[in-house]
Amino acid sequence: MNQSSAASKSAMQKVLDVVERVGNKVPHPVIIFLILIALVLLLSHILFLAGASVSYQVINPETHQVETATTVARSLLTANGVRDMYTRLVPNFMGFTAIGLLIVAMVGVGVAEESGLINSLIRMLVSVSPGWALTYILSFVGIVSSIASDAGYVVLIPLAGAAFLSVGRNPLAGLALGFAAVAGAFNVNMLIKPLDAVLTEITNDAIHMVDPSRSIGLTAGLWFSMASVPFLAIVIGLVTNRIIEPRLGKFDAGKIGDGKPSQEAAGLSAAESRGLRFAALGLLGVLVVFGLLTIPAGAPLRNPETGSLIGNSPFMNALIVPIMFLFLTTGIAYGIGAKTLTSTGDVIAAMTKAVSGLGGTILLFLVISQFIAYFNYSNIPTLMAVKMADALKSANIGSIWLLLGFILVVTLLNFVFTPAIAKWAIFAPVFVPLFVQLAIDPAAVLSAYRVGDSPTNALTPLNAYFALVVGFAQKYDKNAGIGTVVALLLPYALWMTVLWMGLFAAWYWLGLPWGLA
């Protein structure tokens with residue numbers, strides 16, 4: 001990786017260089033999380049001995065009732081804590097959904113990659129897209145990929161790196177763009193996601209604390225969410241072009257992390273073109289099958305109670321399944337057409353290769369799952385959330401400044417308390433009634449929460465896919481580490497937070513509708 005000369009570097013580039021150097025000197029991520037586990041053990045016992053506790057109102061997501069709860073610090077070093085750590089080691093790991101999602105996705109993606117389909121699709125995308133538009137297309141697709149839950153992490157991010165490499169651009173910049181788009185804008189989309197239904201229901205329960213006759217709909221914040229997608233796509237694209245790529249410099253495409261020559265971008269051969277036609281037929285077949293499973297009234301993948309397809313339905317709650325079959329079917333079809341897959345043994349070998357390459361990631365997930373479980377058991381996240389919420393609620397400032405302060409509190413808390421639903425279940429009963437009494441649209445409050453809960457997703461070590469992105473980066477730079485990824489993502493998080501808050505403030509001051517009534 002070539003760097004710009006020191007004399008030509010901006011102050012920000014020099015700061016990011018320092019962040020990268022310092023970050024890359026930290027131990028292996030597994031060691032880091034073992035150290036964090038030790039710190040949580042110690043801190044949990046100190047807070048337990050100090051009798052730390054908080055009382056607050058919270059919405060029970062199952063009963064939708066407002067309950068008064070008291071949370072106390074729990075020590076992991078007491079007899080109960082030790083028993084919990086001992087008996088739940090395996091359940092903690094098996095309950096870590098990122099593991100299953102990653103393996104299922106890679107079964108399909110591995111076949112598509114080994115057959116050559118992904119490489120051909122990237123080259124076709126590059127050939128039909130104007131050079132300047134590639135960055136923004138990938139950014140936009142990365143943001144809307146959240147409709148498929150976490151699938152964007154394991155599919156879009158490596159594809160963005162490969163796309164950049166195929167046109168002679170630095171693939172690390174592509175990875176950074178993909179991670180920023182998928183993680184940093186995870187809570188907004190052009191469409192309704194399953195997460196939206198849960199957040200809306202919690203919001204309505206909080207509204208009913210002060211106004212039982214008032215509710216918001218699933219699309220109450222849709223206009224702001226839809227406007228945020230292209231806005232953030234442009235921000236991410238500009239940060240990539242103006243900050244990230246100039247800092248990284250030109251990439252030596254002759255060698256990848258393993259020292260093997262990379263494939264040069266070139267036009268499609270006759271076999272590859274035939275493979276893409278076969279893949280198109282495979283795609284059509286997948287669409288027909290899942291169309292029959294979703295479109296007719298009473299279809300099995302619709303919500304069995306409401307009949308809805310969008311929102312809370314089997315189809316939306318398990319989108320990784322059609323995504324896996326899409327990559328698997330089109331990958332096999334492409335391999336048959338291009339003659340890159342000649343037997344069922346080749347297909348199984350491609351699946352095995354993809355899954356076997358996840359060994360290091362699975363080990364890391366084992367440690368991360370324990371850390372998150374111990375952290376949550378100690379109740380430290382809840383203690384922090386309630387204390388920060390109480391401090392902001394008692395601040396004597398104007399409505400817009402209170403909203404912006406709320407965004408900042410959520411942004412900071414997201415570093416240590418990542419679950420969007422759990423945070424909102426605590427914050428909604430505190431802030432939604434407060435803002436309703438200030439005559440502020442609850443949709444604005446939920447939109448503010450989305451702004452605060454997204455940009456730092458790519459920086460927090462509690463993001464289960466952070467370590468995965470480090471692995472992606474090491475494919476192109478064997479010296480890449482945690483510092484590399486943090487230095488790449490920090491400009492995105494800063495600019496997205498500042499400019500997105502600016503969009504939110506402008507939307508509020510102009511009195512624009514947040515969504516459909």
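As the structure is a computational prediction, the values presented were derived from the model and not from experiment.

The rules behind the values
- Residues numbered from 1 in each chain as written.
- Predicted model: local features only at pLDDT ≥ 70, side-chain atom pairs only at ≥ 80, totals over all residues.
- Heavy atoms only, no water.
- Helix = DSSP H or I, 4+ residues; strand = E, 2+ residues; numbered from the N terminus.
- Rg over C-alpha atoms; globule rule 2.2 N^0.38 Å.
- Buried < 20%, exposed > 50% of the residue type's maximum accessible area, 1.4 Å probe, protein only.
- Contact = heavy atoms within 4.5 Å.
- Areas by Shrake-Rupley, 256 points an atom, 1.4 Å probe, with all protein chains shown as cover.
- Lys, Arg positive; Asp, Glu negative; His and termini not counted.
- Charge placed at Lys NZ, Arg CZ, Asp CG, Glu CD.
- Expected span 1.5 Å × (residues − 1).
- Axes fitted to C-alpha atoms, helices over the stretch in contact; angles between N-to-C directions.
- Parallel < 35°, antiparallel > 145°, perpendicular 65-115°, else oblique.
- Left-handed = near helix turned anticlockwise from the far one by under 90°.
- Nonpolar A, V, L, I, M, F, W, Y, C, P; charged D, E, K, R; others polar.

## Let's talk about the overall build of the protein chain
For the protein chain, the count of helices and strands is 22 helices and two strands. Taking 2.2 N^0.38 as the reference for a compact globule, 517 residues should give roughly 24 Å; the C-alpha atoms of the protein chain span a radius of gyration of 24 Å, in line with that estimate. In terms of overall dimensions, the protein chain has a C-alpha envelope of 65 × 60 × 50 Å along the principal axes. Per-residue burial over the protein chain gives 52% buried out of 517 residues. Relative to all contacts within the protein chain whose residues are 6 or more apart in sequence, the contacts with residues 24 or more apart total 79%. For the protein chain, the exposed area adds up to about 22400 Å²; of that, 67% sits on carbon and sulfur atoms. With 27 positive and 23 negative side-chain charges, the protein chain shows a separation of 8 Å between the mean positions of the two kinds.

## Observations regarding helix α16 (residues 359–378)
Residues that lie three or four places apart on an α-helix share one face, since the helix turns once every 3.6 residues. The end-to-end C-alpha distance of α16 is 29 Å, a good match for the 28 Å that 20 residues give at a rise of 1.5 Å each. For α16, every residue scored as buried is listed here: T361, L364, F365, V367, I368, S369, Q370, F371, Y374, F375, Y377 and S378. Two residues or fewer past α16, N379 is found with a positive phi of approximately 70°.

## What about the packing of helix α2 (residues 29–50) against α16?
Their axes nearest at 9 Å, the elements α2 and α16 cross at an angle of 15°. When the axis of α2 is compared with that of α16, the two are roughly parallel. Considering how the two elements wind past one another, α2 and α16 form a crossing that is left-handed. Taking contact as the criterion, the partners of P29, V30, F33, L34, L36, I37, V40 and S44 in α2 are, on α16, L363, L364, V367, I368, Q370, F371, Y374, F375 and S378. Looking at side-chain class alone, the contact of α2 with α16 contains 14 nonpolar, three polar and no charged residues.

## Quick word on helix α14 (residues 320–338)
Here α14 spans 26 Å end to end across 19 residues, near enough to the 27 Å set by a 1.5 Å rise per residue. After α14 finishes, the residue K339 shows a positive phi value of roughly 60°.

## Section: the packing of helix α20 (residues 442–453) against helix α22 (residues 482–510)
For the pair α20 and α22, interaxial distance at closest approach is 10 Å and the crossing angle is 170°. One element, α20, and the other, α22, form an angle in the roughly antiparallel class. Between α20, through A444, S447, A448, R450 and V451, and α22, the contact on the second element is made entirely by W500, M501 and F504. Across the contact of α20 with α22, the residue classes tally to six nonpolar, one polar and one charged.

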